[in-house]
Amino acid sequence: MSDLTFETHAHPARRTSAERAALMENPGFGKVFTDHMVVARYSAGRGWHDARIQAREAIPLDPAAAVLHYAQEIFEGLKAYRTADGGAALFRPDANARRFRLSAERMAMAPFPEDSFVAAMHKLVAIDRDWIPDTADGSLYLRPFMIANEAFLGVKPASEYLFITIASAVGSYFKDPTGTVTVWLSEHFTRAAPGGTGAAKCGGNYAASLAAQAEATRQGCEQVVFLDAAERRYIEELGGMNVFFVFEDGSLLTPPLSDSILPGITRDSVITLAREAGLTVKEEPYTIDAWRADVRAGRLTEAFACGTAAVITPIGTVKGREDNFTIGDAVAGPVARRLRSLLVDIQRGTTQESHGWFQKVF
Ligand SMILES: *Cc1c(COP(=O)(O)O)cnc(C)c1O
């Protein structure tokens, strides 16, 4: 246990309920921010200190801060949900805390105590409770992150870090939450390499994925499917979501975790829920050639992406330099729909669950 305590310095002038209502009417994703944020500081001599909940504001940063030069940055993403009784709940925040520590270790950053991470999420949700949408697709998206803010241009792990969590009222990630997405097969750009940082949730992985994302957008696709960097054959994941395939016998397959695939908490939850529902889930390598052939032969009935932001989003069409194939009728399939409701019912507390994933905030 750490003994980091968060001092609360409430915002002196929160937005009014009318201002909030106007902002939350059509929040989109990641642009409507709450009144507060969590901040904590680390220095090599003192460890983590000066933890507080305070007014959300700009952060002063020395132009020599290490993050601006060598990209020591990690982040997380989790949601708080409005429950039927007017309360709020988090979904598996301890799993995010653990992954945040593992990401920090990979990036040679100071690990943030896991219990303090979970406590910080609870405190931010509690103080900004009025910003949690009560719509079916709405939630409060929490974005914890850490940056190296030591002012030093030498190349080494920094000795000072800043932990911050901001929160954003969000609707659904994709424009049409009941529809499917079209994905672009990236045959030139890769996202992560063996021995690299693909399994860490760091901003650098996203920077590396954006040229492929821009290519996808030019091709009329919403997301990118990345192949493995060594052979360009095995499907790894989407830019920010893991991927599942469903076969005609009802079984599921997802690529096995490696140091180039982000270990999604949604991925892990889907595997558990599918197995509990009696479905077979394989964690096995799957090639683009197999995907193409299985769709053509009618053996593959569904494919879907999953992650905290997108929940479970079916893949309708796959495009590539030489590909353009559609899965089923490009509509949400029964397996994706069933797993989505099993997951969402736990997240929103409308069903009992025995995993300890559902954590009431108030
Ligand atoms: C965050 C993320 C995911 C999904 O992880 P969840 O814990 O399910 O939200 C998948 N892939 C990448 C690259 C990610 O950054």
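What you see is a predicted model, and the numbers here were worked out from it, not measured in a lab.

On to the overall build of the protein. When you go through the protein residue by residue, the secondary structure sums to eight helices and 18 strands. A compact globule built from 362 residues would reach a C-alpha radius of gyration of about 21 Å, and the protein, at 21 Å, matches this within 12%. Overall size of the protein, expressed as C-alpha extent along the three principal axes, is 60 × 50 × 40 Å. Buried residues in the protein amount to 52% of all 362 residues. Here the protein has roughly 15900 Å² of accessible surface; of this, 51% comes from carbon and sulfur atoms.

In this section: the domain arrangement of the protein. Once the domains are mapped, the protein shows domain 1 (7-170) and domain 2 (181-347). The straight-line distance from the C-alpha centre of domain 1 to that of domain 2 is 27 Å. Across the boundary between the two partners, domain 1 contributes 18 residues, which contact 20 residues of domain 2. For the pair domain 1 and domain 2, the two sides together bury roughly 1700 Å², of which 60% comes from carbon and sulfur. Contact with domain 2 buries area across many residues of domain 1, yet Phe 75, Phe 91 and Arg 99 alone supply 36% of it, more than any other trio. For Asp 268, the salt bridge goes to Arg 92, with nearest N and O atoms at 2.9 Å. Connecting domain 1 to domain 2 are eleven residue pairs in polar contact (both at pLDDT 80 or more). Looking at the side of domain 1 that touches domain 2, the elements that each hand over two or more residues are β4 (73-75), β5 (78-82) and α3 (93-106). At five residues, the largest contribution of residues to the side of domain 1 that touches domain 2 is made by α3.

Turning our attention to the site of the ligand. In the vicinity of the ligand there are 15 residues, among which Lys 201, Tyr 206, Glu 237, Thr 266 and Thr 308 approach most closely. Met 241 places a polar main-chain atom, nitrogen or oxygen, 3.4 Å from a nitrogen atom of the ligand. Thr 308 is positioned with one of its side-chain polar atoms (N or O) 2.6 Å from an oxygen atom of the ligand. For the ligand, whose unbound accessible area comes to 380 Å², protein coverage reaches 97%.

Turning our eyes to something else, we now look at the packing of helix α6 (residues 265-276) against helix α8 (residues 334-347). Running from amino to carboxyl end, α6 crosses α8 at an angle of 110 degrees, the nearest separation of the two axes being 10 Å. Considering their axes alone, α6 and α8 lie roughly perpendicular with respect to each other. The handedness of the crossing between α6 and α8 comes out as right-handed. Residue-level inspection shows Thr 266, Ser 269, Val 270, Leu 273 and Ala 274 of α6 in contact with α8, the latter providing Leu 339, Leu 342, Leu 343 and Ile 346. Grouping the constituent residues of the contact of α6 with α8 by class yields seven nonpolar, two polar and no charged.

Those residues of helix α7 (residues 288-296) that fall on the buried side of the exposure criterion are Ile 288, Trp 291, Asp 294 and Val 295. Buried residues of α7, viewed axially, fall in a sector of 130 degrees; they line one side.

Cut-offs and rules
- The residue numbering used here restarts from 1 in each chain and proceeds along that chain's sequence as written.
- Reporting of local features is limited, given that this is a predicted model, to residues whose pLDDT is at least 70; pairs of side-chain atoms are given and counted only at 80 or more, and all residues count toward the totals for whole chains, interfaces and linings.
- The side-chain quantities take in all heavy atoms of the structure and omit both hydrogens and water.
- Helix and strand assignments follow DSSP, with helices taken as H or I runs no shorter than four residues and strands as E runs no shorter than two, numbered in order from the N terminus.
- A radius of gyration in this sense is built from C-alpha atoms; the matching globule rule multiplies 2.2 Å by the number of residues raised to 0.38.
- Buried, partly exposed and exposed residues are distinguished by accessible area as a fraction of the type maximum, computed with a 1.4 Å probe on protein chains only: under 20%, between the cut-offs, and over 50%, respectively.
- For the accessible areas, the method is Shrake-Rupley and the probe is 1.4 Å, while residue cover comes only from the protein chains on display.
- A domain assignment, automatic or from a database, supplies the domain bounds used here.
- It only takes one pair of heavy atoms within 4.5 Å for two residues to be counted as in contact.
- Buried area: the sum, over both parts, of the accessible surface (1.4 Å probe) that disappears when the two are put together.
- Salt bridges are identified by distance alone: a Lys or Arg side-chain nitrogen within 4 Å of an Asp or Glu carboxyl oxygen.
- Nitrogen and oxygen atoms within 3.5 Å of one another constitute a polar contact, given that in protein one can donate a hydrogen and the other can accept it, and given that sequence-neighbouring residues count only through two side-chain atoms.
- One heavy atom suffices: a residue is near a molecule or strand as soon as one of its heavy atoms comes within 4 Å of it.
- Axis angles are defined between N-to-C directions and span 0 to 180 degrees, where every axis is a line fitted to C-alpha atoms and, for a helix, only to the segment in contact.
- Roughly parallel refers to an angle under 35 degrees, roughly antiparallel to one over 145, roughly perpendicular to one between 65 and 115, and oblique to any angle outside these ranges.
- In this scheme the handedness of a crossing depends on how the near helix is turned from the far one: anticlockwise by less than a right angle means left-handed, clockwise means right-handed.
- Each residue receives one of three labels: charged for Asp, Glu, Lys and Arg, nonpolar for Ala, Val, Leu, Ile, Met, Phe, Trp, Tyr, Cys and Pro, and polar for the others, Gly being one of them.
- Think of it as the arc spanned by the lines of direction from the helix axis to the C-beta atoms.

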